[in-house]
Amino acid sequence: MHHGVFAVLAASMLRFLDPYTSLYQTDDDREGRVLASEPGFWPSANGQKDPLAERPKARILYNVFRTGDKPFPGYDPQKPSLVFKVNQVGYAPDQAKFAYMGAWLGPKLGAWRIREEGKGKREEGWKIVDASTGDAVLVSPAMPVHRVDDGFTKEGTPFTGEYTYEMDFSSVTNEGVYYVQVDGVGRSADFRIWRGAAEDAFRVHMGGLYQKRCGIAKCEPYTHWAAGACHTNVVRGHFPPEEGRLPKDVRWFDIIRHNTDWEKGERLHVAGGWHDAADYDRRPAHLNIVNDLCAVYLMKPENFSDGQLAIPENGNGIPDILDEAEWGLRHLLAVQQKDGGVGTWIESTGHPGPGNVAERDPMRYAISRATRASSLAYAAHAALLARCHDAFKEKYLESAKRAWDFAMRSEPASETFVARKKDGWFSSRGLEVEWRESAALPAANTVKAAINLHALTGDGKYLEALAAKKREIDEDFKKNEWRWGALVFAGERELGIPPQAAKFMAEWERRLKNRAKEMLKQVDGAYAYRCPWWAPGKGHANAMSWGNCHPLRRAQTFVAAHRLTGDDAYLRGAFAALDFHNGCNPVGMTLTSGLGRVYPIAFLDLPSYVDGIAEFVPGITPYRWNYGMPAKAVEMVYGGDKALATKCPIWRRWGNVENRTVAASEYTVWETIAPAASVCGYLLTPTGTKPPVRPAPAKDVRELPGYWAVP
């Protein structure tokens, strides 16, 4: 796994939080500390003065109080309060719908709660109001439900910090614009019920992939965030694509630097693939994107069409989702060797500097050597794409067959690489690194390639290979199946599984369904906000970093299970994950830039630092959450006060000091962006509309609601 870390980053890009509330953000740490010390400063939706001026270390943000609470001059219950958390993109008409209410008021005040009324008084009610008419379409005389208590870590840190209320308005099915109102508290922002909500989200996530394309200029009318064509020239290298271990203190960058003929090596012109994350490499794991997009297309072909996305291929007669999938193979087809082998990693000798604009990046890039495993991975995914459309069969079938033949050679390769290891501050010594390919081929790609190539050609040799390698396939399956993506064989299953692979596939399906059942329990009972993540106290609850807990990444399991079983419980789980992603979460933000109304506006993204546009590129889904508080966040945000930092609730932690907190602040195209696109693609109802014109970038990010954190 790779995550770019930049040694230097302009201070103006950092976002600091008021450590006493984890609510205030500013570009300038000194400015933030000054503002946080001003007793009259309270950037509220209603412009109130700070009601806790006499307690400056227990601050709150936004209007979360009742009309009767004082002092609250100018309180207006008709102005939206961000104590309400709703799906900001929209709810599907025929699915379950929930709104939430809750806030954390800092470590001193803790969870905000509706004031308890005296005995005998009527409970506070709530209602769903049609925003266009002001009429209530659903009225509940009872107060919102507190469904699940907040959990705590063994150190006593809360997970949400809230006493969360839930309001179920699933019975409201008419399309329109609504808001939820709670007596004595206030109202939410407007939200929509409409059949185009998931498609709109799908377009934003797919736009994030387009924004990360390598080797092509991004321009109007496809995006407002223009960028030139980049990295179209690479050198043929012979370093392995991250296979094998390296000695301590030897990095892949060292292997690439000292084992590539930068002056006389074969020059290749390539366009294709996506920048992995905040930097500019193209990685083997990106074949997962090709699989995810092809799989969801094959599961729901009626959901996708040509002209659905804002991409240059729009109008070529091929569904746009497949055009984007093919972008992940173009560069690999271009670098295929004469003997059929395909390297799958384009990398440089280090991470680009913070001033490196992609189209003017001075760093040199090389393609890794072809290995049996990398060639097999290419063959598997090129053959899958070839099964999706005749145009791609013509383009990729022969290439996939040649890559398979290369992978099936009998003798694994080995080589000695030269590197340098530091001996001191100013000296280093030469070092030889032995490398050898694994004798066994990865099971998932062996099965995948064999099934797809047999289906395309009718040649029995591909399925014969499965029988010959059964033992090593079974061993790899037992050891590594839990690492495979939920959609790894979803596309092949749609097209038919041959008898030779039926037993293998049945066991894969059994394990996937068991995981999906466990995740449904998480949605229903782990947290007040319905989310497919491990409950407090469970063994995996602390594995949140690097995007592991992203709801739509997790929801790929629901999508696969729903397609396998037809059980609508899994569909319900997937829509719950979509709600969480789109704003029904403790911080009340969507998890993707440019999505909804309140979204991330700063994260670790090199192109956004250097493109001269104030607002960061849309369609990017940062990792966001760490279970533990990163040391640099403790130092730079909480003034080194670890005791104070650890009081911050788990689901509110985002120590966004960018290159200092990579596990929270970065992203990858294959871990966070493509999974979100695939799930939304499965859930969408096609509208037949053209891609909407997206708003122009904000000229001042302080105008964006996401600049200010929420309760």
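Just above sits the structure.
A few points on the structure.

Turning our eyes to something else, we now look at the overall build of the chain. Across its full length, the chain holds 19 helices and 16 strands. Here the chain holds 711 residues, and 60% of them are scored as buried. Counting only contacts in the chain whose residues sit at least 6 apart along the sequence, the fraction spanning at least 24 positions is 71%. Carbon and sulfur atoms provide 51% of the accessible area of the chain, an area that totals close to 27800 Å².

Another point: the state of the cysteines. Taken as a whole and judged by the stated rule, the model has zero disulfides. In this structure C214 is not part of a disulfide, and its nearest cysteine sulfur, from C230, lies 3.9 Å away.

At their nearest, the axes of helix α10 (residues 470-480) and helix α12 (residues 502-525) sit 12 Å apart, and the two run at 0° to each other. When the axes of α10 and α12 are compared, the pair comes out roughly parallel. Contacts between α10 and α12 pair I473, F477 and K478 from the former with F504, E507, W508 and R511 from the latter. For the contact of α10 with α12, the class distribution of residues is four nonpolar, no polar and three charged.

Position of D130 relative to the elements: it lies in strand β5 (residues 126-130). Classification of D130 by relative accessible area gives buried; the value is 17%. Expressed as a C-alpha distance, the spacing of D130 and R192, which sit 62 residues apart in the sequence, is 10.0 Å. Once you skip the residues sitting within four places of it in the chain, D130 turns out to touch D135, V137, V177 and Y178. There is a polar contact of 2.5 Å between the side chain of D130 and the side chain of S132.

Applying the stated criterion to the full structure yields 28 aromatic pairs. Centre to centre, the rings of Y527 and W651 are 5.4 Å apart; their planes meet at 85°, and the pair counts as edge-to-face. Residue Y527 is located in the loop between α12 and α13 (551-565), and its partner W651 is located in the loop between α17 (642-645) and α18 (662-665); the two are separated by 124 residues in the primary sequence. W651 shares its class with Y527; the two are buried. Between W546 and Y623, the aromatic rings sit 5.7 Å apart at their centres with planes inclined by 80°, giving edge-to-face as the arrangement. Placement of W546 in the loop between α12 and α13 and of Y623 in the loop between α15 (606-610) and α16 (631-636) is noted, with a sequence separation of 77 residues between them. Overall, W546 belongs to the partly exposed group, its relative accessible area being 29%. Accessibility expressed as a relative area gives 0% for Y623, which makes it buried.

Before going further, it helps to examine helix α19 (residues 669-683). With 15 residues, α19 extends 20 Å from end C-alpha to end C-alpha; this agrees with the ideal 21 Å at 1.5 Å per step. Counting buried positions over the 15 residues of α19 gives 15, a clear majority of the element.

Here the focus is the nonpolar core. Nonpolar side chains tend toward joint burial in soluble globular proteins. Of all hydrophobic cores here, the largest spans 131 residues; its most connected members are L209, I321, L322, L329, W404, F489 and L683. Top element by residues in this core is helix α6 (residues 372-388). It accounts for 11 residues. Apart from residues lying up to four places away in sequence, L322 is in contact with C294, Y297, L385, C388, H389 and F392. Of all hydrophobic cores here, the second largest spans 40 residues; its members include V86, M101, I193 and M544.

A sheet is described by the order of its strands in space; here four strands give the open sequence β12-β11-β14-β13, paired in mixed fashion. In this open sheet, the two edge strands, each paired with only one partner strand, are β12 (267-269) and β13 (346-347). Both strand β11 (residues 233-236) and β12 contribute to a ladder of three bridges, which runs antiparallel. Residue V235 lies in a different strand from β12, and its bridge partner there is R267.

Okay, the side chain of K212 next. With respect to the helices and strands, K212 occurs in the loop between α2 (197-211) and β11. The exposure class assigned to K212 is buried, which follows from its relative accessible area of 2%.

The end-to-end C-alpha distance of helix α8 (residues 443-457), which contains 15 residues, comes to 21 Å, matching closely the 21 Å that a straight helix rising 1.5 Å per residue would cover. Summarising burial for α8: 12 of the 15 residues are buried, a large majority. Taken as a whole, α8 has its buried residues at A443, A444, N445, T446, V447, K448, A449, A450, I451, N452, L453 and L456. Of the residues flanking the end of α8, it is G458, one or two places downstream, whose phi is positive at about 75°.

Before going further, it helps to spend a moment on the pattern of salt bridges. Counted according to the given criterion, the structure contains 32 salt bridges. The partner of E326 in a salt bridge is K395, with the nearest N and O atoms 2.6 Å apart. Separated by 69 residues along the polypeptide, E326 in helix α5 (residues 320-335) and K395 in helix α7 (residues 390-407) bring together distant segments of the chain. Exposure remark for K395: the relative accessible area of 38% places this residue in the partly exposed category. One connected set of salt bridges, linked through shared partners, spans R213, E313, E324, E326, R330 and K395.

If you trace the three strands from one edge of the open sheet to the other, you get β3-β4-β7, paired in antiparallel fashion. Each edge of the open sheet is held by one strand with a lone partner, namely β3 (84-85) and β7 (165-168). For strand β4 (residues 98-101) and β7, the ladder comprises four bridges, and the chain directions are antiparallel. In the sheet register, A99 faces β7, and the bridge partner there is M167.

Parameters and conventions
Residues numbered from 1 in each chain as written. Predicted model: local features only at pLDDT ≥ 70, side-chain atom pairs only at ≥ 80, totals over all residues. Heavy atoms only, no water. Helix = DSSP H or I, 4+ residues; strand = E, 2+ residues; numbered from the N terminus. Buried < 20%, exposed > 50% of the residue type's maximum accessible area, 1.4 Å probe, protein only. Contact = heavy atoms within 4.5 Å. Areas by Shrake-Rupley, 256 points an atom, 1.4 Å probe, with all protein chains shown as cover. Disulfide = S-S within 2.5 Å. Axes fitted to C-alpha atoms, helices over the stretch in contact; angles between N-to-C directions. Parallel < 35°, antiparallel > 145°, perpendicular 65-115°, else oblique. Nonpolar A, V, L, I, M, F, W, Y, C, P; charged D, E, K, R; others polar. Polar contact = N/O pair within 3.5 Å; in protein donor to acceptor, adjacent residues only side chain to side chain. Phe/Tyr/Trp six-rings, centres within 6.5 Å; stacked < 30°, edge-to-face > 60°. Expected span 1.5 Å × (residues − 1). Core = buried A, V, L, I, M, F, W, Y, C linked by side-chain atoms within 4.5 Å. Pairing = 2+ DSSP bridges. Salt bridge = Lys/Arg side-chain N within 4 Å of Asp/Glu carboxyl O.

Any functional reading would require information that these geometric values do not contain.
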